[in-house]
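Fold and contact review
Given next are the chains, with one letter for each unit.
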Amino acid sequence: REEREIFSEELCDAVEKFQLEKTEQSLKLKAEIERPKLERMKMIMAEQMVDENMIEKIMREAWALIKSSGALDGLVPDEEQIEIRNFFAKNYVEITEMYRLYSPVNSRGGTH
(Lines give C-alpha, C1' and ligand atoms only; values in the text may rest on other atoms or scores of the structure.)
Protein backbone atom coordinates (compact mmCIF):
# COMPACT_ATOMS: atom_id res chain seq x y z
CA ARG A 1 0.00 0.00 0.00
CA GLU A 2 2.87 2.43 0.74
CA GLU A 3 4.28 1.95 -2.74
CA ARG A 4 0.91 2.87 -4.19
CA GLU A 5 0.76 6.10 -2.18
CA ILE A 6 4.33 7.00 -3.10
CA PHE A 7 3.62 6.31 -6.77
CA SER A 8 0.41 8.36 -6.55
CA GLU A 9 2.25 11.31 -4.98
CA GLU A 10 5.02 11.12 -7.58
CA LEU A 11 2.44 11.02 -10.34
CA CYS A 12 0.59 14.02 -8.87
CA ASP A 13 3.87 15.94 -8.60
CA ALA A 14 4.74 15.10 -12.20
CA VAL A 15 1.29 16.23 -13.42
CA GLU A 16 1.56 19.47 -11.44
CA LYS A 17 5.05 20.13 -12.81
CA PHE A 18 3.83 19.43 -16.35
CA GLN A 19 0.88 21.81 -15.93
CA LEU A 20 3.15 24.55 -14.59
CA GLU A 21 5.56 24.12 -17.51
CA LYS A 22 2.70 24.23 -20.02
CA THR A 23 1.29 27.37 -18.38
CA GLU A 24 4.73 29.01 -18.45
CA GLN A 25 5.23 28.07 -22.11
CA SER A 26 1.78 29.40 -22.94
CA LEU A 27 2.49 32.71 -21.23
CA LYS A 28 5.83 33.06 -23.02
CA LEU A 29 4.20 32.33 -26.37
CA LYS A 30 1.41 34.81 -25.67
CA ALA A 31 3.98 37.46 -24.68
CA GLU A 32 5.86 36.91 -27.94
CA ILE A 33 2.63 37.18 -29.93
CA GLU A 34 1.56 40.35 -28.09
CA ARG A 35 5.01 42.01 -28.09
CA PRO A 36 4.55 43.82 -31.45
CA LYS A 37 1.19 45.17 -30.29
CA LEU A 38 2.70 46.36 -27.03
CA GLU A 39 5.58 48.06 -28.82
CA ARG A 40 3.13 49.82 -31.13
CA MET A 41 1.03 50.93 -28.14
CA LYS A 42 4.17 52.30 -26.46
CA MET A 43 4.96 54.34 -29.56
CA ILE A 44 1.41 55.69 -29.78
CA MET A 45 1.26 56.54 -26.09
CA ALA A 46 4.83 57.82 -25.74
CA GLU A 47 3.62 61.41 -25.35
CA GLN A 48 1.44 60.40 -22.42
CA MET A 49 4.08 58.36 -20.61
CA VAL A 50 5.85 59.89 -17.63
CA ASP A 51 9.40 60.98 -18.45
CA GLU A 52 11.23 61.12 -15.12
CA ASN A 53 13.97 63.41 -16.48
CA MET A 54 11.40 65.87 -17.79
CA ILE A 55 9.47 65.78 -14.50
CA GLU A 56 12.66 66.50 -12.57
CA LYS A 57 13.49 69.43 -14.85
CA ILE A 58 9.99 70.89 -14.59
CA MET A 59 9.99 70.37 -10.82
CA ARG A 60 13.33 72.21 -10.49
CA GLU A 61 11.98 75.14 -12.52
CA ALA A 62 8.73 75.25 -10.53
CA TRP A 63 10.62 75.12 -7.22
CA ALA A 64 12.95 77.89 -8.39
CA LEU A 65 9.90 80.07 -9.06
CA ILE A 66 8.49 79.29 -5.62
CA LYS A 67 11.81 80.09 -3.94
CA SER A 68 12.37 83.28 -5.95
CA SER A 69 8.90 84.53 -4.99
CA GLY A 70 9.90 84.48 -1.31
CA ALA A 71 6.44 83.18 -0.39
CA LEU A 72 7.78 80.41 1.82
CA ASP A 73 10.67 82.26 3.45
CA GLY A 74 8.64 84.10 6.05
CA LEU A 75 6.25 81.22 6.74
CA VAL A 76 8.27 78.03 6.67
CA PRO A 77 11.71 77.29 8.17
CA ASP A 78 14.42 76.11 5.75
CA GLU A 79 14.38 72.50 7.06
CA GLU A 80 10.65 72.22 6.41
CA GLN A 81 11.05 73.79 2.98
CA ILE A 82 13.29 70.87 2.06
CA GLU A 83 10.59 68.45 3.24
CA ILE A 84 8.00 70.34 1.18
CA ARG A 85 10.21 70.25 -1.90
CA ASN A 86 10.80 66.51 -1.47
CA PHE A 87 7.05 65.94 -1.13
CA PHE A 88 6.36 67.92 -4.31
CA ALA A 89 9.15 66.12 -6.19
CA LYS A 90 7.81 62.72 -5.14
CA ASN A 91 4.17 63.54 -5.97
CA TYR A 92 4.55 66.12 -8.75
CA VAL A 93 2.64 64.21 -11.44
CA GLU A 94 -0.30 63.45 -9.14
CA ILE A 95 -0.43 67.00 -7.80
CA THR A 96 -0.42 68.57 -11.27
CA GLU A 97 -3.10 66.13 -12.49
CA MET A 98 -5.26 66.93 -9.47
CA TYR A 99 -4.76 70.66 -10.02
CA ARG A 100 -5.65 70.34 -13.69
CA LEU A 101 -8.80 68.40 -12.83
CA TYR A 102 -10.06 70.59 -9.98
CA SER A 103 -8.83 74.08 -10.87
CA PRO A 104 -11.67 74.81 -13.34
CA VAL A 105 -14.34 73.74 -10.83
CA ASN A 106 -14.31 77.04 -8.91
CA SER A 107 -13.85 79.08 -12.05
CA ARG A 108 -17.11 77.72 -13.45
CA GLY A 109 -15.10 76.03 -16.19
CA GLY A 110 -16.33 72.56 -15.27
CA THR A 111 -14.50 69.39 -16.07
CA HIS A 112 -17.27 66.81 -15.84
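In case you missed it, the structure is sitting above this.
Since this is a predicted model, take the numbers as computed values, not measurements. (Residues numbered from 1 in each chain as written. Predicted model: local features only at pLDDT ≥ 70, side-chain atom pairs only at ≥ 80, totals over all residues. Heavy atoms only, no water.)

The next point concerns the overall build of the protein chain. A count of helical and extended segments in the protein chain gives three helices and zero strands. Tracing the protein chain from N to C terminus, the helices and strands come up as α-α-α. Every one of the 112 residues in the protein chain was classed for burial, and the buried ones make up 7%. Intrachain contacts of the protein chain at a sequence separation of at least 6 include 40% that bridge at least 24 residues. (Helix = DSSP H or I, 4+ residues; strand = E, 2+ residues; numbered from the N terminus. Buried < 20%, exposed > 50% of the residue type's maximum accessible area, 1.4 Å probe, protein only. Contact = heavy atoms within 4.5 Å.)

Following the criterion strictly, the structure yields one aromatic pair and no others. Arranged with centres 6.0 Å apart and planes meeting at 65°, the rings of Phe-87 and Phe-88 form a pair that is edge-to-face. Classification of Phe-88 as partly exposed rests on a relative accessible area of 28%. (Phe/Tyr/Trp six-rings, centres within 6.5 Å; stacked < 30°, edge-to-face > 60°.)

Here we come to the pattern of salt bridges. In the structure shown here, the tally under the stated rule is nine salt bridges. Note that Glu-56 is salt-bridged to Arg-85, the shortest N-O span being 3.6 Å. Here the residue Glu-56 occupies a position in helix H2 (residues 52–69), and Arg-85 occupies one in helix H3 (residues 78–102), the gap between them amounting to 29 residues. Overlapping salt bridges bring together Glu-56, Arg-60 and Arg-85 as one network. (Salt bridge = Lys/Arg side-chain N within 4 Å of Asp/Glu carboxyl O.)

Right, let's get into helix H1 (residues 2–45). In a regular helix each residue adds 1.5 Å, so 44 residues correspond to 64 Å; H1 covers 60 Å between its end C-alpha atoms and thus fits that length. The principal kink in H1, of about 45°, is found at Glu-34, preceding the proline Pro-36 by one to four residues. (Expected span 1.5 Å × (residues − 1). Bend = angle between axes of the 7 residues up to and from the residue.)

Take the packing of H2 against H3 next. For the pair H2 and H3, the least separation of the axes is 10 Å and the interaxial angle reads 145°. The interaxial crossing formed by H2 with H3 has right-handed handedness. Packed against H2, whose contacting residues are Ile-55, Glu-56, Ile-58, Met-59, Arg-60, Ala-62, Trp-63 and Lys-67, the element H3 presents Gln-81, Ile-84, Arg-85, Phe-88, Ala-89, Tyr-92 and Val-93 at the interface. Classifying every residue of the contact of H2 with H3 by side-chain character gives ten nonpolar, one polar and four charged. (Axes fitted to C-alpha atoms, helices over the stretch in contact; angles between N-to-C directions. Left-handed = near helix turned anticlockwise from the far one by under 90°. Nonpolar A, V, L, I, M, F, W, Y, C, P; charged D, E, K, R; others polar.)

Membership of the largest hydrophobic core is limited to six residues, which are Ile-55, Met-59, Trp-63, Leu-72, Val-76 and Tyr-92. The greatest single-element share of this core, amounting to three residues, is contributed by H2. Other than its neighbours up to four places away in sequence, Ile-55 contacts Val-50, Tyr-92 and Val-93. (Core = buried A, V, L, I, M, F, W, Y, C linked by side-chain atoms within 4.5 Å.)

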